There are 2 protein chains.
Amino acid sequence: MGVKAIIPFKKEGAKLRLGDFLTENEREELAISMLKDVLVALSESKIDEVEIITTGSRDEIEKEAQLNGALDLTSTLKVSVREDERGLNEVLNEAITEEKEPTLILMADVPLTTPESINEIIKHEEVVVIVPGRKGGTNALFLRRPYAFSVAYYGLSFSKHIETAKRRNLSHAVYDSFFISADIDEVEDLIELLIHGRGFSADYLRRIGVFLNVDKNSKSRAVVDRK
Amino acid sequence: MGVKAIIPFKKEGAKLRLGDFLTENEREELAISMLKDVLVALSESKIDEVEIITTGSRDEIEKEAQLNGALDLTSTLKVSVREDERGLNEVLNEAITEEKEPTLILMADVPLTTPESINEIIKHEEVVVIVPGRKGGTNALFLRRPYAFSVAYYGLSFSKHIETAKRRNLSHAVYDSFFISADIDEVEDLIELLIHGRGFSADYLRRIGVFLNVDKNSKSRAVVDRK
């Protein structure tokens with residue numbers, strides 16, 4: 001039985017909290033680059049089908065994320081894009097109600113995600129696998145029986161998803177991944193991307209002159225800077 | 001062949017960046033509680049020997065961390081404490097030069113560390129396993145041939161440790177763990193401890209009235225607050 005992935009994606013007005021550091025156009029480019037990194041990780045994993053649900057234009061996303069060379073020509077990952085302007089929880093809950101196949105919901109802003117971790121997540125026998133984001137978020141959610149679950153993103157979604165699994169008597173596991181926890185929302189999150197990133201989004205940042213400024217005389221860690 | 005763990009620990013003046021939120025005494029109590037959580041994780045793992053190297057008083061640490069009920073009476077973990085006032089790199093590099101057994105260097109401020117991840121780390125066949133902390137740090141470092149390596153903590157130690165492994169032709173791996181990446185340095189790091197913590201340090205925070213303040217009308221995540 002195949003496993004399907006769903007990636008909710010927002011391009012317009014993406015990554016507002018990076019607004020003091022990147023222009024609107026740069027934020028959109030970064031968002032697309034991160035989506036491409038996530039697609040590459042999925043294409044190298046055992047997932048064989050991805051649905052991107054976007055608030056933006058379907059054609060545009062298809063062109064940018066799929067056809068502009070993000071995926072290796074040998075990849076057999078089937079990518080489809082669907083437009084939906086509604087909120088994240090509304091869209092996802094409608095999608096999983098109808099879904100009979102095991103489904104992985106993966107955020108689009110976790111560009112450090114590895115194929116190995118995706119494979120480990122979907123190998124779990126538990127009905128619900130929750131992969132925490134920082135500060136109480138949920139960055140990936142694997143549902144063996146999607147129709148039996150209900151998502152509640154925003155706020156402390158990690159705790160809400162644990163509660164939902166318990167209340168519905170669905171076995172659950174927490175999958176421990178630093179690279180999936182590292183969603184890119186704020187300027188200091190770019191540190192992780194510049195240190196650990198090997199894909200499109202780290203490359204994009206370097207191309208527009210974003211770099212790590214390390215004060216060698218200080219014990220403190222690096223800060224993000226721009227040429 | 002057994003695996004030994006080394007934990008560098010600083011109690012006096014610990015966790016200065018929490019200074020606006022916790023008193024000096026509270027910061028020290030929190031530091032000791034986190035050390036106890038790390039010891040509990042080690043005691044439930046396959047590690048059988050731990051050396052705590054501390055800048056503080058040996059007797060005091062022994063009393064607080066070991067004898068005050070941190071470890072289960074059935075635990076066979078052998079814990080020793082050694083005083084050393086020198087800097088982290090100096091102390092650790094001297095210790096590993098003499099060390100013939102595989103050694104895990106684990107930070108004392110990663111209270112969410114699980115026994116499962118410790119076991120997975122020391123199962124690696126690579127000579128060097130690096131577990132990233134946030135912002136370029138190294139929160140755990142497993143050395144199969146400690147005498148062949150040299151540590152360089154502070155700053156972007158993750159990249160420095162990768163470079164050292166490459167330069168010395170030592171095979172290396174990166175182990176991906178959110179819970180080990182979550183070192184507790186700043187006030188907002190306490191969010192992770194309050195959400196995911198089940199041990200002494202999360203308990204301590206709750207006891208002194210630290211809690212998560214969630215604005216239910218906002219999409220943003222929680223902030224740490226105090227009663």
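Criteria and thresholds
Residues numbered from 1 in each chain as written. Chains lettered and ligands numbered in written order. Predicted model: local features only at pLDDT ≥ 70, side-chain atom pairs only at ≥ 80, totals over all residues. Heavy atoms only, no water. pLDDT = per-residue confidence, 0-100. Least-squares fit on C-alpha atoms with pLDDT ≥ 70 in both. Contact = heavy atoms within 4.5 Å. Patch = residues over 30% accessible without salt bridge, like charges linked within 9 Å, V, L, I, M, F, W, Y side chains within 5 Å. Areas by Shrake-Rupley, 256 points an atom, 1.4 Å probe, with all protein chains shown as cover. Salt bridge = Lys/Arg side-chain N within 4 Å of Asp/Glu carboxyl O. Lys, Arg positive; Asp, Glu negative; His and termini not counted. Charge placed at Lys NZ, Arg CZ, Asp CG, Glu CD. Helix = DSSP H or I, 4+ residues; strand = E, 2+ residues; numbered from the N terminus. Buried < 20%, exposed > 50% of the residue type's maximum accessible area, 1.4 Å probe, protein only. Axes fitted to C-alpha atoms, helices over the stretch in contact; angles between N-to-C directions. Parallel < 35°, antiparallel > 145°, perpendicular 65-115°, else oblique. Pairing = 2+ DSSP bridges.

1. Some points on the confidence of the model for chain A
- Considering every residue of chain A, the mean pLDDT works out to 91; 93% of them sit at 70 or more.
- This prediction of the complex comes with two scores: 0.95 for pTM and 0.94 for ipTM.

2. Remarks on the relation of the copies chain A and chain B
- Structural alignment of chain A on chain B gives an RMSD of 0.0 Å, achieved by rotating through 180° and translating 0.0 Å along the axis. As the rotation angle and translation indicate, the two copies are arranged about a two-fold axis. The C-alpha atom lying nearest the rotation axis in chain A is that of Phe178 of chain A; the distance is 1.8 Å.
- The overlap is high: 100% of the interface residues of chain A also sit at the interface in chain B, so the same surface is used on both sides.

3. Looking at a negative patch on the surface
- On the surface, Glu44, Glu116 and Glu120 of chain A together with Glu44, Glu116 and Glu120 of chain B cluster together into a patch of negative charge.
- Position of Glu44 of chain A among the secondary structure elements: in the loop between α1 (24-43) and β2 (49-54).

4. Looking at the environment of His161 of chain A
- Looking at the element boundaries, His161 of chain A is found in helix α5 (residues 157-167).
- Overall, His161 of chain A belongs to the buried group, its relative accessible area being 0%.

5. Describing the pattern of salt bridges
All names here are of chain B.
- Throughout the structure, instances matching the rule amount to 30 salt bridges over all chains.
- Residues Glu51 and Lys4 are paired through a salt bridge, measuring 3.5 Å at the closest nitrogen-oxygen approach. Here Glu51 is found in strand β2 (residues 49-54), whereas its partner Lys4 is found in strand β1 (residues 4-9), with 47 residues between them in sequence.
- Arg17 is the salt-bridge partner of Asp185, the closest N and O atoms lying 3.7 Å from each other. Residue Asp185 is located in the loop between α6 (178-181) and α7 (190-196), and its partner Arg17 is located in the loop between β1 and α1 (24-43); the two are separated by 168 residues in the primary sequence.

6. Here we look at unusual backbone geometry
All names here are of chain B.
- In this model, Lys135 sits at a positive phi of 55°, which is unusual for a non-glycine residue.
- As for its placement among the helices and strands, Lys135 is situated in the loop between β5 (128-132) and β6 (138-143).
- The phi dihedral of Asn169 is positive, around 60°, even though this residue is not glycine.
- Topologically, Asn169 is positioned in the loop between α5 (157-167) and β7 (172-174).

7. Looking at the packing of α1 of chain B against helix α8 (residues 200-207) of chain B
Residues and elements named next belong to chain B.
- It is the contact of α1 with α8, at a shortest axis distance of 7 Å, that shows an interaxial angle of 150°. Considering their axes alone, α1 and α8 lie roughly antiparallel with respect to each other. Contacts between α1 and α8 involve Glu26, Glu29, Leu30, Ser33, Met34, Lys36, Asp37 and Val40 from the former and Phe200, Ser201, Tyr204 and Leu205 from the latter.

8. Here's the deal with the side chain of His196 of chain B
- Summarising the element assignment, His196 of chain B is placed in helix α7.
- Relative accessible area serves as the criterion here: at 10%, His196 of chain B is assigned to the buried category.
- In this structure, His196 of chain B is in contact with Pro132 and Phe158 of chain A together with Leu112, Phe178 and Phe179 of chain B, ignoring residues within four places of it in sequence.

9. Points about the sheet that holds strand β6 (residues 138-143) of chain A
Residue and element names in this part refer to chain A.
- The strand order across the open sheet formed by seven strands is β3-β2-β1-β4-β6-β5-β7, and the pairing between neighbours is mixed. Of all the strands in the sheet, the pair left with one neighbour each is β3 (78-83) and β7 (172-174). Direction aside, the axes of adjacent strands within the sheet are offset by 15° on average.
- Both strand β1 (residues 4-9) and strand β4 (residues 103-106) contribute to a ladder of three bridges, which runs parallel. Bridging from a neighbouring strand, Ala5 pairs with Leu104 of β4.

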